[in-house]
Amino acid sequence: MTALNERVHVMSTNESSPTPWDEVRVISHAHEEFDDQACVVVNMVTLELIELDEVGRSMWTALRETSSVDKTVSRLLEEFDAEAEQLQSDVRRFTEDLRSLGLVEGDIQPVPTSAQASRDLRARYLDLTERALLGLLYKAPENGPQGPDVDSLLAGYAVNHGLRSMPGFTMIGFPRLRNVRALAEYVMNEQIPGDFVETGVWRGGATIMMKAVLEAHEDPQRRVWVCDSFEGLPVPDIERYPDDAFWAKSAGKIAVSLDDVRENFAAFGLLDDRVEFLQGWFSDTMPTAPIHQIALLRLDGDLHQSTTEVLESLYAKVTPGGFVIIDDYCIDTCRAAVEEFRAKHHITAELQVIDWSAVFWQVPVI
Ligand SMILES: C[S@@+](CC[C@H](N)C(=O)[O-])C[C@H]1O[C@@H](n2cnc3c(N)ncnc32)[C@H](O)[C@@H]1O
């Protein structure tokens, strides 16, 4: 999973004129241990190591023997049935990993190519979208007019951050928004099929980021499902979920209407018929949700009940290799729901920490 937040640059193969970053030297204090299937390479100075599978082993051996990224790609193309561009990307990513462990040296300077230029533009578009969604583009004047209404549940956040109102289109903050983008890009790059879903969207920011990633990758097919009551938090069902009593006073809070969320998508130029709005309480909408396959499922409904209802209905639709993000793992009610569900369904996939609040896991490929 270390590669998830990495930005991947794809370089063009050019046998006749090696690019400046093409030359890579394996350090002399690299220790290798091979067995039939795999290989471990240790940096004997720092004792950091990398375990390599069959493909990794071939990449390592070719890099060591050729001292060249391009020649490694050419050699692997003879060995494996793979796309040249994808292999370029994989070898480069692998080389960056080795370099971060101090196992190879070399000036790995990306050379602008048209493929890379368009990837840079994609990254810049998503960077800008990210800043706009987080409300970082415009600084309200000190004594300016009050922004959109601050719900009492959010007032604390705004005050703590020295703000007059909640800014932006999402309350999840930078690390979690970056995680949405990174996982969405990962499933695109790895071609893991399925739609993107968020349950509990508030102003829609995280789902707008999902759609921006689809747009940036020119995806013609996947849908983004925007699921919410659009009437705020529910009246908790305390008989079934006693710990949700905590939320009793919050019923109806943080409501944002469907029209407002739709307008937010339109403001980013991202509203089209592949944005699907599923309006209603999860207890009503989830069991019959017309969603067939999910690559990215993001839960942000706070309550025990809201989390359980989504997991019970949607988890089975997540493609192996796809991801489940739990925004509110820091909240007792949500964490209890996740732990119960994982125990009941014997899910042992490792929980990866995003920040103080959120975690995610990858649905295992069986
Ligand atoms: C914390 S906010 C979501 C924040 C949002 N993900 C963002 O990016 O800012 C929680 C949302 O969950 C919705 N919600 C919670 N429980 C629900 C339920 N049982 N049914 C429908 N909507 C629910 C609320 O209406 C609210 O919009």
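In the block above lies the structure referred to throughout.
Basis of the calculations
- Residues numbered from 1 in each chain as written.
- Predicted model: local features only at pLDDT ≥ 70, side-chain atom pairs only at ≥ 80, totals over all residues.
- Heavy atoms only, no water.
- Pairing = 2+ DSSP bridges.
- Helix = DSSP H or I, 4+ residues; strand = E, 2+ residues; numbered from the N terminus.
- Axes fitted to C-alpha atoms, helices over the stretch in contact; angles between N-to-C directions.
- Contact = heavy atoms within 4.5 Å.
- Expected span 1.5 Å × (residues − 1).
- Polar contact = N/O pair within 3.5 Å; in protein donor to acceptor, adjacent residues only side chain to side chain.
- Buried < 20%, exposed > 50% of the residue type's maximum accessible area, 1.4 Å probe, protein only.
- Near = heavy atom within 4 Å.
- Areas by Shrake-Rupley, 256 points an atom, 1.4 Å probe, with all protein chains shown as cover.

Let's shift gears to the sheet that holds strand E3 (residues 39-43). The sheet built from three strands is open, its strands ordered E2-E3-E4 with antiparallel pairing. Strands with a single pairing partner mark the edges of an open sheet, and in this sheet they are strand E2 (30-34) and strand E4 (49-52). Shown here is a sheet whose adjacent strand axes are inclined to one another by a mean of 15 degrees, direction ignored. With four bridges joining them, E3 and E4 adopt antiparallel strand pairing. For Val40, the partnering residue across the bridge sits in E4 and is Glu51. Of the strands in this sheet, E2, E3 and E4 touch helix H1 (residues 54-66), which is tilted by about 135 degrees from E2.

Looking now at the sheet that holds strand E11 (residues 352-353). Note: strands within a sheet are paired through backbone hydrogen bonds, in either parallel or antiparallel orientation. The strand order across the open sheet built from seven strands is E8-E7-E6-E9-E10-E12-E11, with neighbouring strands paired in mixed fashion. Since the sheet does not close on itself, it has two edges, and those belong to strand E8 (275-279) and E11, each with one partner. Sheet topology places strand E7 (residues 224-228) next to E8; five bridges connect them, and they run parallel. What sits directly across from Val224, in E8, is Val275.

Compared with an ideal rise of 1.5 Å per residue, which puts 13 residues at 18 Å, H1 spans 18 Å between its outermost C-alpha atoms and is within 8% of the ideal. N-capping of H1 is provided by Asp53, with a side-chain oxygen placed 3.2 Å from the backbone N of Val55. Among the residues trailing H1, Ser67 stands out with phi positive, at a value near 50 degrees.

Right, let's get into unusual backbone geometry. Unusually for a residue other than glycine, Leu47 sits at a positive phi of about 65 degrees. Tracing the chain through its elements places Leu47 in the loop between E3 and E4. The class for Leu47 is exposed, based on a relative accessible area of 57%. Positive phi, normally seen in glycine, also occurs at Ser67, with a value near 50 degrees. Ser67 gets classed as partly exposed once you look at its relative accessible area, which sits at 30%.

Further remarks concern the site of the ligand. Every one of the 21 residues lining the ligand counts as a neighbour, but Thr170, Met171, Asp228, Asp300 and Ser306 are closest to it. Within the backbone of Phe282, a nitrogen or oxygen atom sits 3.0 Å from a nitrogen atom of the ligand. Contact between the ligand and Ser306: a nitrogen atom at 2.9 Å from a side-chain N or O atom of the residue. Look at the ligand: alone it shows 600 Å² of surface, and the protein chains cover 98% of it.

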